[in-house]
Every structure is written in C-alpha cells, then in structure tokens.
Amino acid sequence: MNNLKDLRNKSKKSQQEVADYLGVSRQAYSHYENGKREPDLETLLKLGEYFECSVDEILRPSNEKKAPIQQDERPINDDDIKFALWGTREIDDDVLDAVKTFAKFARENRRDQ
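As the structure is a computational prediction, the values presented were derived from the model and not from experiment.

Digging into the pattern of salt bridges
- Taken as a whole, this structure holds 4 salt bridges when the rule is applied.
- Taking the shortest distance from any N to any O, the salt bridge between arginine 107 and glutamate 49 comes out at 3.2 Å. Here arginine 107 is found in helix H7 (residues 93–112), whereas its partner glutamate 49 is found in helix H4 (residues 41–51), with 58 residues between them in sequence.
- For glutamate 49, a relative accessible area of 31% corresponds to the partly exposed category.
- With its nearest N and O atoms 2.5 Å apart, the salt bridge here joins lysine 100 to aspartate 78. Highlighted residues: lysine 100 in helix H7 and aspartate 78 in helix H6 (residues 78–86), separated in sequence by 22 residues.
- With a relative accessible area of 33%, aspartate 78 lands in the partly exposed category.

The structure is reproduced here in structure tokens:
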C-alpha cells in the first residue's frame, strides 16, 4: 500500500484529511499506508474516488510501473473488475452485480451520515 502515501503526498493532503474523508481515525489510515492493515472493498473504492485513481493504482506495488495511458485506451469493463477483485474472470455475473449493488449502497449510506 505504499502507493497510498505517494498518492496522498501528490495531492498535498494530510493523513488526517484522508482519514476524515474515509470516516476512520488517522491511526487507522496510517495503518493502511504502512501495510499493517488492509482496507476493505468499500474503503478502496472511496480511496479511488478521493485520489481520482483506480483501485488498481492503489493496490499495485509501488515499484511496478504503470504503462502510459493511451488516448484510445478502452474503459474498464466487468471482466476487468472481476479479475481485480477475484483474480479470475470466471465469476458469475450475478455475483458481480451483487458486489456492485452493495458498493453503491455502502457509498451512498456513507454520504448520508
């Protein structure tokens, strides 16, 4: 999760600012950055929204270089999401729909609080 620190530093935000956005303590967020704790799916999605990046960019080892984005690059599709979450594309579409529905519900509930 070293990418979290890099993303936070690039956006010139403090750990407290990110923690406040996530609704967690600064210490909990610090544990995400230093690898002592892993964020759940909902938190990963919120981090992606906050830093305006993909979950893949958050999870990718910091020493692994991302290929340059091509102007004609295709958008992320359901197979990409399946692979990112489960490491395979062989997941039933109903399971993926349920995960998407839950993520949307959880994100909306956090905003209402």
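Structural notes on the side chain of glutamine 15
- Tracing the sequence through the fold places glutamine 15 in helix H2 (residues 15–22).
- Setting aside anything within four residues of it in sequence, one finds glutamine 15 in contact with Arg8, Arg26, Tyr29, Ser30 and Glu33.

Calculation criteria
- Residues numbered from 1 in each chain as written.
- Predicted model: local features only at pLDDT ≥ 70, side-chain atom pairs only at ≥ 80, totals over all residues.
- Heavy atoms only, no water.
- Salt bridge = Lys/Arg side-chain N within 4 Å of Asp/Glu carboxyl O.
- Helix = DSSP H or I, 4+ residues; strand = E, 2+ residues; numbered from the N terminus.
- Buried < 20%, exposed > 50% of the residue type's maximum accessible area, 1.4 Å probe, protein only.
- Contact = heavy atoms within 4.5 Å.

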